[in-house]
Amino acid sequence: MLRGFTKVQSMVEVDPAAFDNFAGDYDASFTQSLLGKMWRRRVWRRLAKHFTAGQRVLELACGTGEDAVWLAQQGVQVTATDGSAEMIRIATEKAHQAGVDGRITAVQLALQELTTNHQPSTTNHQLFDGAFSNFGGLNTIGDWRPLAGALAEIVRPGGKLILVPMGPFCPWEIGWHLLHGQARVAFRRLGGRAKARIGPAAIPVWYPPAGRLRRDFAPWFRHLCTESLGLWLPPSYLEHLLKRWSGLFGRLNRLEEATARLTGGWGDHYLMVLERR
Ligand SMILES: C[S@@+](CC[C@H](N)C(=O)[O-])C[C@H]1O[C@@H](n2cnc3c(N)ncnc32)[C@H](O)[C@@H]1O
């Protein structure tokens, strides 16, 4: 188990093992998609801005390790965690193939297993320089304050958090499903909680408004910025549109990059940067 974390099984709401069946297809269906690559390049620019070579960074819900490997290639030491054993197995293999396994420690750990009921590290060099979670890993819990408290114990003052959850207001999703006569699906996120199919399993998913996430982290983390990710670009299940009109979506991507800070928490995802007080 990761040093400094205590497991509290009773807090687990979603069993991340549900993601085991999804792991084998994840890179082909998302990581290698046009949209997945466009979005990830933008997240990497933010990671590069805040995490530098020699730092120790914690990743939550790392999936198949795409970001962990990239950060390790930039010289960052990454502790990559995920609740799914299969995701961790693939991430470990990917790190090995990329020749960066010396810079990545992959650990199976569910978000709900983190708690503030542990002794914080006592010296600064034991604390993480930052933490991040990309592409929806935070959406399987419905209360982010305990997680914020736990992260506050292990991230050094001045350390950055970069969080990329799915947001509650996705105009593309609303428009697309209304156009197809699916009003219930169109507005499913606005209630804050919905069911999502992950392979054969249906799991609850929460969609935190940016303001809610900010408030939950506010006692320990100062908000630096929030930007849209997937506002003018559609959700990943509409990848076929991108393939058809790649020029148009390339321009929309540039528009989105230019306006992302103005539209804050709107979009399929949003990216929030916070700083440990
Ligand atoms: C959509 S994938 C994103 C993976 C990766 N962050 C990326 O950028 O490709 C969501 C990941 O979150 C993990 N996950 C979901 N709920 C989790 C939880 N409660 N605790 C830990 N990991 C979780 C899943 O196993 C999966 O790997």
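Here the structure is a predicted model, which is why all the values come from computation and not from measurement. (Residues numbered from 1 in each chain as written. Predicted model: local features only at pLDDT ≥ 70, side-chain atom pairs only at ≥ 80, totals over all residues. Heavy atoms only, no water.)

S.K.: Before we go on, may I ask you to explain helix α10 (residues 246-263) in this structure?
M.R.: Helical geometry note: an α-helix holds 3.6 residues per turn, so side chains three or four residues apart project in the same direction. Within α10, the axis deviates most sharply at Glu 257, by approximately 45 degrees. Taken as a whole, α10 has its buried residues at Phe 249, Gly 250, Leu 252, Asn 253, Glu 256, Thr 259, Ala 260 and Thr 263. In the core, the buried residues of α10 are packed alongside α2 (34-50), α6 (171-179), β8 (221-229) and α9 (239-244). Note on α10: the residue one or two positions beyond its end, Gly 264, has a positive phi of about 50 degrees. (Bend = angle between axes of the 7 residues up to and from the residue. Helix = DSSP H or I, 4+ residues; strand = E, 2+ residues; numbered from the N terminus. Buried < 20%, exposed > 50% of the residue type's maximum accessible area, 1.4 Å probe, protein only. Contact = heavy atoms within 4.5 Å.)

S.K.: Hey, could you run me through the site of the ligand in this one?
M.R.: Not every one of the 20 residues close to the ligand is listed here, only the nearest: Tyr 26, Arg 40, Ala 61, Asp 82 and Thr 140. Within the backbone of Ala 61, one N or O atom sits 2.7 Å away from a nitrogen atom of the ligand. With respect to the ligand, the backbone of Asn 134 contributes an N or O atom lying 2.9 Å from a nitrogen atom. When the ligand is considered free in solution it has 580 Å² of accessible area, and contact with the protein chains removes 95% of it. Looking at the shell around the ligand, its residues break down into 10 nonpolar, seven polar and three charged. (Near = heavy atom within 4 Å. Polar contact = N/O pair within 3.5 Å; in protein donor to acceptor, adjacent residues only side chain to side chain. Areas by Shrake-Rupley, 256 points an atom, 1.4 Å probe, with all protein chains shown as cover. Nonpolar A, V, L, I, M, F, W, Y, C, P; charged D, E, K, R; others polar.)

S.K.: Any chance you could explain the nonpolar core here in plain terms?
M.R.: As a rule of thumb, nonpolar side chains are buried together in soluble globular proteins. Within the largest apolar cluster, 40 residues are counted, with the highest numbers of intra-cluster contacts made by Leu 47, Phe 51, Leu 71, Ile 104 and Phe 135. In terms of residue count, the dominant contributor to this core is α2 (six residues). Not counting chain neighbours up to four residues away, the residues in contact with Leu 71 comprise Leu 47, Phe 51, Val 57, Val 76, Val 78 and Phe 132. (Core = buried A, V, L, I, M, F, W, Y, C linked by side-chain atoms within 4.5 Å.)

S.K.: For this particular structure, what's the right way to read helix α4 (residues 85-97)?
M.R.: Between its terminal C-alpha atoms α4 stretches 18 Å, which fits the 18 Å expected from 13 residues at 1.5 Å a residue. Regarding α4, the residues found buried are Met 87, Ile 88, Ile 90, Ala 91, Lys 94 and Ala 95. Buried residues of α4, seen end-on, are gathered within an arc of 165 degrees and therefore sit on one face of the element. For α4, exposure combined with an orientation more than 90 degrees from the buried face picks out His 96 and Gln 97. Its buried side turned inward, α4 meets α1 (20-31), α3 (66-73), β2 (77-82) and β3 (104-108). Of the residues one or two after α4, Gly 99 is the one with positive phi, at around 75 degrees. (Expected span 1.5 Å × (residues − 1). Arc of directions from axis to C-beta.)

S.K.: So what exactly am I meant to see when it comes to the packing of aromatic side chains here?
M.R.: Describing an aromatic ring pair means giving the distance of the ring centres and the angle of the ring planes. The tally for this structure, following the rule as stated, stands at 11 aromatic pairs. A centroid spacing of 6.0 Å and a plane angle of 35 degrees characterise the contact between Trp 39 and Phe 135, whose relative ring orientation is tilted. Within this pair, whereas Trp 39 is found in helix α2, its partner Phe 135 is found in the loop between β4 (128-133) and α5 (145-154), the two being separated by 96 residues in sequence. In this structure Trp 39 comes out as buried when scored by relative accessible area, which is 0%. Phe 135 gets classed as buried once you look at its relative accessible area, which sits at 12%. Measuring from centroid to centroid gives 5.8 Å for Phe 217 and Phe 221, while their planes differ by 65 degrees, and the two rings are edge-to-face. Judged by relative accessible area, Phe 217 falls into the buried class, the value being 0%. The exposure class of Phe 221 is buried, given its relative accessible area of 1%. Through a chain of ring-to-ring contacts, the aromatic side chains of Phe 19, Phe 22, Tyr 26, Phe 30, Trp 39 and Phe 135 assemble into a single cluster. Just above the ring of Phe 128 sits the side chain of Arg 56; from NZ or CZ to the centre is 4.5 Å. Seen from the ring of Phe 221, Arg 276 lies directly overhead, with NZ or CZ sitting 5.9 Å from the centre. (Phe/Tyr/Trp six-rings, centres within 6.5 Å; stacked < 30°, edge-to-face > 60°. Lys NZ or Arg CZ within 6 Å of the ring centre and 35° of its normal.)

S.K.: Please explain the sheet that holds β8 as it appears in this structure.
M.R.: Backbone-to-backbone hydrogen bonds join strands into a sheet, with any given pair of strands oriented parallel or antiparallel. Spatial ordering of the open sheet is given by β3-β2-β1-β4-β5-β9-β8, a layout of seven strands whose pairing is mixed. Strands with a single pairing partner mark the edges of an open sheet, and in this sheet they are β3 and β8. Across the sheet, the mean angle from the axis of one strand to that of its neighbour is 15 degrees, orientation sign disregarded. As paired elements, β8 and strand β9 (residues 269-276) share eight bridges and run antiparallel to each other. In the strand pairing of β9, Cys 225 is matched with Val 273. Against the sheet, α3 makes contact with β1 (56-59), β2, β3 and β4, and its axis sits at roughly 175 degrees relative to β2, the strand it touches most. (Pairing = 2+ DSSP bridges. Axes fitted to C-alpha atoms, helices over the stretch in contact; angles between N-to-C directions.)

S.K.: Hey, could you run me through the side chain of His 50 in this one?
M.R.: Note that His 50 resides in helix α2. Beyond its immediate stretch of four places on either side in the chain, His 50 contacts Gln 55, Lys 160, Ile 162 and Val 273.

S.K.: Help me out: how do you make sense of the pattern of salt bridges in this one?
M.R.: Side chains bearing opposite charge may pair, as long as their charged atoms lie close to each other. This model, assessed by the stated rule, comprises 18 salt bridges. One salt bridge connects Asp 27 with Lys 94, and the closest N-O pair in it is separated by 2.8 Å. Highlighted residues: Asp 27 in helix α1 and Lys 94 in helix α4, separated in sequence by 67 residues. A relative accessible area of 15% means that Lys 94 is categorised as buried. One salt bridge connects Glu 275 with Arg 222, and the closest N-O pair in it is separated by 2.6 Å. Separated by 53 residues along the polypeptide, Glu 275 in strand β9 and Arg 222 in strand β8 bring together distant segments of the chain. Residue Glu 275 is classed as buried on the basis of its relative accessible area, which comes to 16%. Residue classification places Arg 222 among the partly exposed residues on the basis of a relative accessible area of 40%. Connected via shared salt-bridge partners are Asp 143, Arg 145, Arg 212 and Asp 216. (Salt bridge = Lys/Arg side-chain N within 4 Å of Asp/Glu carboxyl O.)

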